[in-house]
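Structural characterization, general
Here are the chains, one letter per residue:
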Amino acid sequence: MIKANAYGHGAVPVARVLEDKGSDGFGVATLEEGIELRRGKIRSAILVLAGIYPEQLDELLEHHLTPVTGELEVMRKLESLAQRRRANLEFHLKVDTGMGRIGFLPGEIDSWLPEIARLKSLKLKGLLSIFSHADSPEESYTQKQLEIFKRVIEKLRKAGCRLPLVHLANSAAVITLPSSYFTMVRPGLMLYGSYPAPEMASRVSLKPVLSWKTQVLQVKRLPKGSSISYGRSFVTQRESLIATLPLGYADGYHRLLSNRGVVLVRGKRAPIVGRICMDLTMIDVTDIARVEQGDEVVLLGRQGTETISAEEMGRWAETISYEIFTSISSRVSRVYYNSQEE
Ligand SMILES: *Cc1c(COP(=O)(O)O)cnc(C)c1O
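Definitions and limits used
Residues numbered from 1 in each chain as written. Predicted model: local features only at pLDDT ≥ 70, side-chain atom pairs only at ≥ 80, totals over all residues. Heavy atoms only, no water. Core = buried A, V, L, I, M, F, W, Y, C linked by side-chain atoms within 4.5 Å. Buried < 20%, exposed > 50% of the residue type's maximum accessible area, 1.4 Å probe, protein only. Helix = DSSP H or I, 4+ residues; strand = E, 2+ residues; numbered from the N terminus. Domains from an automatic or database assignment. Contact = heavy atoms within 4.5 Å. Pairing = 2+ DSSP bridges. Right-handed = clockwise from strand over helix to strand, strands pointing away. Buried area = accessible area lost by both parts, 1.4 Å probe.

Ranked by internal contacts, the top residues of the largest apolar core, which has 100 residues, are L37, L93, W112 and Y253. At six residues, the largest contribution of residues to this core is made by helix α5 (residues 72–84). Shared between two domains, this core holds at least three residues of each, these being domain 1 (51–197) and domain 2 (212–327). Residue contacts for L37: discarding those within four places in its chain leaves I2, A11, V12, A15, F26, V28, I42 and I46. Grouped together as the second largest cluster of nonpolar side chains are six residues, I228, I242, C277 and M282 included.

Shown next, in the form of structure tokens:
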């Protein structure tokens, strides 16, 4: 799964590496994400998972993208448009086994299955669903979804549908539930070295792919009683050394980290003080010796013996590592290293 710019890591470079390592195909959310991969010369199968509109048929065909659909009206329109163009379009069928989002309802299978069995220009290539709670140790709901999914597979097969690909598992299920693997799995978060839930660290060992770094822009000494940043939410309680960093919420550095988050500088944790601005962030380096302009600052990743994980940053910002990664904006330049390099 390399949707959302490969969870912020850069879709085309990530796809190239994964393709090179033998990945069979890729999952993106939107048609536009699929086209971006094709423009980046990615040749593997690309599944467009977060829905499509019938008007997007021509672009799907032109770029050899495989849509996922779970709605009769869209399927009918795609079928008739494809017939008019004398084109074939492979698609995967989505069933909603308990997410309440997109996909056919298994309970209504008698209304949609006959239509699927009759399709001509649309070629059923796969079946999928998604777990809503596989990251929880409480697994009965997950088991229920799995059972519903298996019943759908059986009914489709009985109706004569071939299903070359059957897939259900996200990262959490890849880690905890081998019985949900079927013919393909769809790991996302774990590819980037982050755990869907803390308990999973005992089951697999993952290494974060990404570090997020900046440099100290300016250091200055401020007297006791100085207020920092907009809204004056932080006032120095002593004479303080305050360093300014050249990034802010426009870079995807969540404003909720204001007066909560920390960064690493000179191997130590330095607290963020005052509100994070659009382009600048202040940290208190009073207790860290000799901080100066140009010093490396680690926002995510390791420095010396200290580490800040996306999970930890997520807790400070009241969110999950997924959102931390996908928020890193296009203003932040991505630099890629071979594993041999430092
Ligand atoms: C994003 C996504 C995944 C991957 O989920 P992770 O929790 O990141 O592994 C799998 N399937 C679908 C349909 C998705 O949208």
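That shown, we press on.
With that out of the way, let us pick up the pairing of strand β2 (residues 45–48). The pairing of strand β1 (residues 25–28) with β2 spans four bridges and is parallel. Pairing of G27 across the sheet is with L47, part of β2. Once the chain exits β1 it traverses helix α3 (residues 31–39) before rejoining the sheet at β2, and the crossover so formed is right-handed. Where β2 and strand β3 (residues 66–69) come together, two bridges link them in parallel fashion.

Attention shifts here to the domain arrangement of the protein chain. Note on interface size: it is often stated as the accessible area lost on association of the parts. Assigned domains within the protein chain: domain 1 (51–197) and domain 2 (212–327). If you average the C-alpha positions of domain 1 and of domain 2, the two centres end up 43 Å apart. Each partner contributes to the interface: domain 1 provides four residues, whereas domain 2 provides four residues. A combined buried area of about 370 Å² lies between domain 1 and domain 2, and 58% of that area is made up of carbon and sulfur atoms. It is L189, S194 and Y195 in domain 1 that bury the most area against domain 2; as a group they hold 78% of the surface buried on that side.

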